[in-house]
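Architecture and fold: a report
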Amino acid sequence: MTLIDALATLAAGLEPVFETGDAAARLALTNSHASKALARLAAAGHLVSLRRGLWAFPGRIDALSLPGRLTAPLPSYVSLQSALYLHGMISQVPTVTYAVSLARARQYTTPLGVVSVHHVTPGFFFGFAEVGRQGALIASPEKALVDFLYLAPARSMLFRGLPEVEFPREFSLRRAYGMTKRITSRGRRAMVAASLARIAKAADSSRT
């Protein structure tokens, strides 16, 4: 089977993102031989390697679904600066896709962009919705902001400074405060609530 034949077979039968085992089954090859064929297709620009054993057709994947693909089987949703920008709450375009996950914190550098994954506990993994055909999960405006404030003490220092925030019409402070009640640490909960109040006050002042 030529590489062109292999590419046509894969494109006709696989999802935009797939594992080596999926390709091996489709091509009727061993995993080892399939991996070599996929690497050659990637070198020619027909595929991209997202991480070991995970591949994608570069023109077919929704970038917002990338975090969930990388952390599978554990789920992730786009949040923090990325979701704040998507909701029109900050004007600075993030150069990295930020995500919250049940997976461990990690940064993935892929040919399709850099994804920064940040861990939360299962009890704080909520406040998102599915968008688009590929099932990308995006935080609500309230959860994106609360996530940012919740992660502010992280050692990475990625969430110490927030650009000026503009609340969209649909933003609910009551809903955001309600989300803080699900933070189990009393000290962290008080810190997030105080930061939220300070940002709300600053936003009100800028509108007057």
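Check the entry above for the structure.
Residues numbered from 1 in each chain as written. Predicted model: local features only at pLDDT ≥ 70, side-chain atom pairs only at ≥ 80, totals over all residues. Heavy atoms only, no water.

With that out of the way, let us pick up the overall build of the protein. Each helix and strand in the protein was counted, giving eight helices and nine strands. For the protein, with 208 residues in total, the buried portion stands at 42%. In the protein, once contacts between residues fewer than 6 apart in sequence are set aside, the share between residues at least 24 apart is 54%. Taken as two groups, the 24 positive and 12 negative side-chain charges of the protein have centres that lie 9 Å from each other. (Helix = DSSP H or I, 4+ residues; strand = E, 2+ residues; numbered from the N terminus. Buried < 20%, exposed > 50% of the residue type's maximum accessible area, 1.4 Å probe, protein only. Contact = heavy atoms within 4.5 Å. Lys, Arg positive; Asp, Glu negative; His and termini not counted. Charge placed at Lys NZ, Arg CZ, Asp CG, Glu CD.)

Among the structural elements, Ser 82 can be located in helix α5 (residues 80-86). On the basis of relative accessibility, which here comes to 8%, the residue Ser 82 falls in the buried class. A polar contact is formed between the side chain of Ser 82 and the backbone oxygen of Val 96, at a distance of 3.3 Å. (Polar contact = N/O pair within 3.5 Å; in protein donor to acceptor, adjacent residues only side chain to side chain.)

Let's shift gears to the environment of Ala 202. If you trace the backbone, Ala 202 turns up in helix α8 (residues 186-207). Taking relative accessible area as the criterion, Ala 202 reaches 45% and is therefore assigned partly exposed. Taking the C-alpha atoms as reference points, Ala 202 and His 119, 83 residues apart in sequence, are found 29 Å from one another.

One pass over the full model with this rule turns up two salt bridges. Across the salt bridge formed by Glu 142 and Arg 175, the nearest N and O atoms sit 2.8 Å from each other. Pair noted here: Glu 142 is in helix α6 (residues 141-150) and Arg 175 is in helix α7 (residues 173-180), with a separation of 33 residues, a long-range link. Classification of Arg 175 as partly exposed rests on a relative accessible area of 44%. Among the salt bridges present, the one from Asp 147 reaches Lys 143, with a minimum N-O distance of 2.7 Å. Separated by four residues within a single helix, Asp 147 and Lys 143 lie in helix α6, roughly one turn from each other. As far as the burial class goes, Asp 147 and Lys 143 line up, both buried. (Salt bridge = Lys/Arg side-chain N within 4 Å of Asp/Glu carboxyl O.)

This paragraph deals with the packing of aromatic side chains. Applying the stated criterion to the full structure yields seven aromatic pairs. Ring plane angle 10 degrees and centroid distance 4.3 Å describe the contact between Phe 167 and Phe 171, whose orientation is recorded as stacked. Taken individually, Phe 167 and Phe 171 each receive the classification buried, so the pair is uniform in this respect. Ring pairs connect the aromatic residues Tyr 77, Phe 125 and Phe 128, which therefore count as one cluster. Its end group placed over the ring of Phe 126, Lys 143 keeps NZ or CZ at 4.7 Å from the ring centre. Above the ring of Phe 126, the side-chain terminus of Arg 182 is found at 3.8 Å from the ring centroid. (Phe/Tyr/Trp six-rings, centres within 6.5 Å; stacked < 30°, edge-to-face > 60°. Lys NZ or Arg CZ within 6 Å of the ring centre and 35° of its normal.)

A few words now on the environment of Leu 80. For Leu 80, the location among the structural elements is in helix α5. Given the relative accessible area of 0%, Leu 80 is considered buried. Not counting residues up to four positions away in its chain, the partners in contact with Leu 80 are Tyr 98, Ala 99, Val 100, His 118, Ala 144, Asp 147, Phe 148, Leu 151 and Phe 159.

If you check helix α3 (residues 31-43), its first and last C-alpha atoms are 18 Å apart, about what 13 residues at 1.5 Å a residue would give, namely 18 Å. Turning to α3, its buried residues number three or more, namely Ala 34, Ala 37, Leu 38 and Leu 41. The buried residues of α3 occupy an angular sector of 100 degrees when projected down its axis, which confines them to one face. With respect to the buried face of α3, the exposed residues turned more than 90 degrees away are Lys 36, Arg 40 and Ala 43. Elements in contact with the buried residues of α3: α1 (3-13), β1 (17-19), α2 (20-27) and β3 (54-56). Positive backbone phi, approximately 90 degrees, marks Gly 45, located one or two places after α3. (Expected span 1.5 Å × (residues − 1). Arc of directions from axis to C-beta.)

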